[in-house]
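Each chain, written out:
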Amino acid sequence: MSYRELEDGFLVTLALIVSSQLLVILISLISNQFRRQRKLSITNQPPVESVIDGNQITIYTYGMDFYHALLRDITQAKDIICIESFIWKDDAVGQQIKELLAKKAREGVTVYVVFDAFANLVVPRPFKQFSPDIHLYRYRAWQRFLDLFDPRRLARDHRKLAIIDRTISYVGGFNIGELYGRKWRDTHVRIEGSSSHNLFAAFADFWNAQAHKLPKLKTERASLSPYIRPYVNNPQRILFPIRSMYIEAIDLAKEHIFLTTPYFVPDRVVLSALIDAADRGVQVSLLVPERSNHLLADWLARTYFTDCLKRGIRIYLYQGAMIHAKTATVDGKWTTIGTANLDRLSLFGNHEINVEFFSEEVATHMEGMFEYDLKACRELSLDEWNRRPMTQKLGELVLSPLWPFL
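The shown structure was predicted, so the numbers you read here are calculated from the model rather than taken from an experiment. (Residues numbered from 1 in each chain as written. Predicted model: local features only at pLDDT ≥ 70, side-chain atom pairs only at ≥ 80, totals over all residues. Heavy atoms only, no water.)

## Quick word on the overall build of the protein
Next up, step 1: A count of helical and extended segments in the protein gives 13 helices and 20 strands.
Next up, step 2: Looking at the 406 residues of the protein, the share that counts as buried comes to 54%.
Next up, step 3: Look at the contacts in the protein between residues 6 or more apart in sequence, and 76% of them connect residues 24 or more apart.
Next up, step 4: As displayed, the protein has an accessible area near 18,600 Å², and 57% of this comes from carbon and sulfur atoms. (Helix = DSSP H or I, 4+ residues; strand = E, 2+ residues; numbered from the N terminus. Buried < 20%, exposed > 50% of the residue type's maximum accessible area, 1.4 Å probe, protein only. Contact = heavy atoms within 4.5 Å. Areas by Shrake-Rupley, 256 points an atom, 1.4 Å probe, with all protein chains shown as cover.)

## Considering helix 11 (residues 360-374)
Next up, step 1: In a regular helix each residue adds 1.5 Å, so 15 residues correspond to 21 Å; helix 11 covers 21 Å between its end C-alpha atoms and thus fits that length.
Next up, step 2: If you check the start of helix 11, you find a side-chain oxygen 3.3 Å away from the backbone N of Glu361, and it comes from Ser359. (Expected span 1.5 Å × (residues − 1). Polar contact = N/O pair within 3.5 Å; in protein donor to acceptor, adjacent residues only side chain to side chain.)

## Some points on the confidence of the model for the protein
Next up, step 1: Confidence in the prediction for the protein averages 87 pLDDT; 84% of positions are at 70 or higher.
Next up, step 2: In this model residues 5-38 is a low-confidence stretch, pLDDT under 50, and it forms 24 contacts with partners more than four residues away in sequence or in other chains. (pLDDT = per-residue confidence, 0-100.)

## Re the pattern of salt bridges
Next up, step 1: This model, assessed by the stated rule, comprises 17 salt bridges.
Next up, step 2: Among the salt bridges present, the one from Glu84 reaches Arg159, with a minimum N-O distance of 2.9 Å. Remark: Arg159 occurs in the loop between strand 5 (135-139) and strand 6 (161-164) and Glu84 occurs in strand 3 (residues 80-85); sequence separation between them is 75 residues. Across the pair, exposure class does not vary: Glu84 and Arg159 are buried alike.
Next up, step 3: Measuring nitrogen to oxygen at the nearest pair gives 3.0 Å for the salt bridge that ties Glu178 to Arg182. Here Glu178 pairs with Arg182, and both are found in helix 4 (residues 178-182), just four residues apart, close to one helical turn.
Next up, step 4: On the basis of relative accessible area, Glu178 is assigned to the partly exposed category, the value being 28%.
Next up, step 5: For Arg182, a relative accessible area of 43% gives the class partly exposed.
Next up, step 6: Taken together, the salt bridges that share partners define one network made up of Arg72, Asp73, Arg190 and Glu192. (Salt bridge = Lys/Arg side-chain N within 4 Å of Asp/Glu carboxyl O.)

## Some remarks on the sheet that holds strand 20 (residues 377-380)
Working definition: the strands of a sheet are paired by backbone hydrogen bonds and lie parallel or antiparallel to each other.
Next up, step 1: Ordered in space as 10-19-17-16-11-13-14-20, the eight strands form an open sheet in which the pairing is mixed. Of all strands in the sheet, those with a lone pairing partner are strand 10 (228-232) and strand 20, marking the two edges. Here the average twist between neighbouring strands, direction ignored, is 15 degrees.
Next up, step 2: In terms of strand pairing, strand 13 (residues 283-289) meets strand 14 (residues 314-318) through five bridges, oriented parallel. The residue bridging Leu286 from the neighbouring strand is Ile315, located in strand 14.
Next up, step 3: Along the sheet, helix 6 (residues 241-252) makes contact with strand 10, strand 11 (256-260), strand 16 (327-330), strand 17 (334-338) and strand 19 (353-358), crossing strand 19 at roughly 30 degrees.
Next up, step 4: Contacts from helix 11 reach strand 11, strand 13, strand 14, strand 16, strand 17, strand 19 and strand 20 within the one sheet, and its direction differs from that of strand 11 by about 65 degrees. (Pairing = 2+ DSSP bridges. Axes fitted to C-alpha atoms, helices over the stretch in contact; angles between N-to-C directions.)

## Overview of the pairing of strand 6
The two faces of a sheet get side chains in turn, since along a regular strand they alternate between them.
Next up, step 1: Residues Leu161 and Ile163 line one face of strand 6 and the alternating positions Ala162 and Ile164 line the opposite face, and both faces are buried.
Next up, step 2: As defined by bridge partners, strand 3 adjoins strand 6 across four bridges and the pair is classed as antiparallel. Counterpart to Ile83 in the pairing with strand 6 is Ala162.
Next up, step 3: With four bridges joining them, strand 6 and strand 7 (residues 168-172) adopt antiparallel strand pairing. Its bridge partner lying in strand 7, Ile163 is registered against Ser169.

## With respect to unusual backbone geometry
Next up, step 1: With a phi close to 55 degrees, Asp165 is a non-glycine residue in the positive phi region.
Next up, step 2: In the Ramachandran plot, Asp331 falls in the positive-phi region, its phi being about 55 degrees despite a non-glycine side chain.
Next up, step 3: Looking at where Asp331 falls in the secondary structure, it is placed in the loop between strand 16 and strand 17.
Next up, step 4: Residue Asp331 is classed as buried on the basis of its relative accessible area of 15%.

## A short note on helix 7 (residues 268-279)
Next up, step 1: Given a rise of 1.5 Å per residue, twelve residues ought to cover 16 Å, and the 16 Å separating the end C-alpha atoms of helix 7 matches this to within 8%.
Next up, step 2: Turning to helix 7, its buried residues number three or more, namely Val270, Leu271, Ala273, Leu274, Ile275, Ala277 and Ala278.
Next up, step 3: On its buried face, helix 7 is in contact with helix 6, strand 11, strand 12 (264-265), strand 13, helix 9 (305-310) and helix 10 (344-348).
Next up, step 4: Just downstream of helix 7, Gly281 is the residue with a positive phi angle, here 95 degrees.

## Topic: the packing of aromatic side chains
Next up, step 1: Considering all chains together, one arrives at 18 aromatic pairs under this definition.
Next up, step 2: Consider the rings of Trp88 and Phe130, whose centres lie 5.3 Å apart with planes at 80 degrees: the pair is edge-to-face. In this pair, Trp88 is assigned in the loop between strand 3 and helix 3 (92-106) and Phe130 in the loop between strand 4 (110-116) and strand 5, connecting sequence segments 42 residues apart. Just as Trp88 is buried, Phe130 falls in that class too.
Next up, step 3: A connected cluster of aromatic rings, assembled from ring pairs, spans Tyr112, Tyr137, Tyr139, Phe203, Phe206 and Trp207.
Next up, step 4: Directly above the ring of Phe127 sits Lys98, whose terminal nitrogen or CZ lies 4.5 Å from the centroid. (Phe/Tyr/Trp six-rings, centres within 6.5 Å; stacked < 30°, edge-to-face > 60°. Lys NZ or Arg CZ within 6 Å of the ring centre and 35° of its normal.)

## Describing the environment of Val123
Next up, step 1: Along the polypeptide, Val123 turns up in the loop between strand 4 and strand 5.
Next up, step 2: Taking the relative accessible area as the measure of exposure, Val123 reaches 5% and is therefore buried.
Next up, step 3: Residues Val123 and Ile87 lie 36 residues apart in sequence; the distance between their C-alpha atoms is 9.0 Å.
Next up, step 4: Once you skip the residues sitting within four places of it in the chain, Val123 turns out to touch Trp88, Asp90 and Lys128.

Written out as structure tokens, the structure is:
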């Protein structure tokens, strides 16, 4: 066979693979339109409170509870408010928070707002115009044409962070919007105390590095706490400590690991860590939505289910509603709550922030929430998984090369 024939054969094969992927993606997009019409329901738990190293900790699993607390704290702010959200919807919840921030700015409170420009493309332009009294930064991953060729400049700002008067902070999975508040199951944590200074520093570091033409923020870090530690992904500096945090916690597990994530597309090292834990007798439980808001991500997640189920990892599929929480607990001692999904974009690409807690009380609360969520789940067995339709298996095979992009 000549070199020309080999080249033509390769191009034909490549064209078939790409065409198949595009077809599956098109089907996924069409299917997503029908998914959005499903009636959603979630099971709610009231906020739970703990005290760690002098910090008051409150964990929210129902969005409206979180928004009510955030609005209360904003109302009582005296000095400074910092709000960072990946998505900010132009609905009643989004408008209420926006108007209150404008009011506080008029009263003399310094207000900083960040949102991701790309994630909010579908939000009407007038809503994205804030009061001139507010310091507003619309984050764009790239500023110049050449940035498109720099992987460090392709990161989205996927963080959801709020700081009030440097002493109160919020971080977790909730974006701003009524959909997330009423129909999605998510997790956010409120920290009141000295550890909030470190989350304020994380906001200030991002602001000072990105918002070049806007007023700078002075940082005030607290002393390093052995009980509450923020982990911040910084793509520009090629620093992704959240992934390392997960791997270390998984490697040290001796009894059980409870993971909740909306999109499960781990790299091979993270997947190997989970499988190794199961091989050494650790109970590894993974909770994911049966149907997320991204069908393509669902299909890619399914490509890992066979390996997980064969090695004893238990998989629970959340029914009816979207579960968007990004949480984990290990051995009733360690917990993380944050913005990072267990996928490549969060662990290797986006700006993210997670908080690590060393507290048996917090871990007990989180394990209770995990058990409560299992009431809305069904467990996926290896036998059921092996009997899935051939069309689904082919779709997973076609899409599997796309995992580095999600």
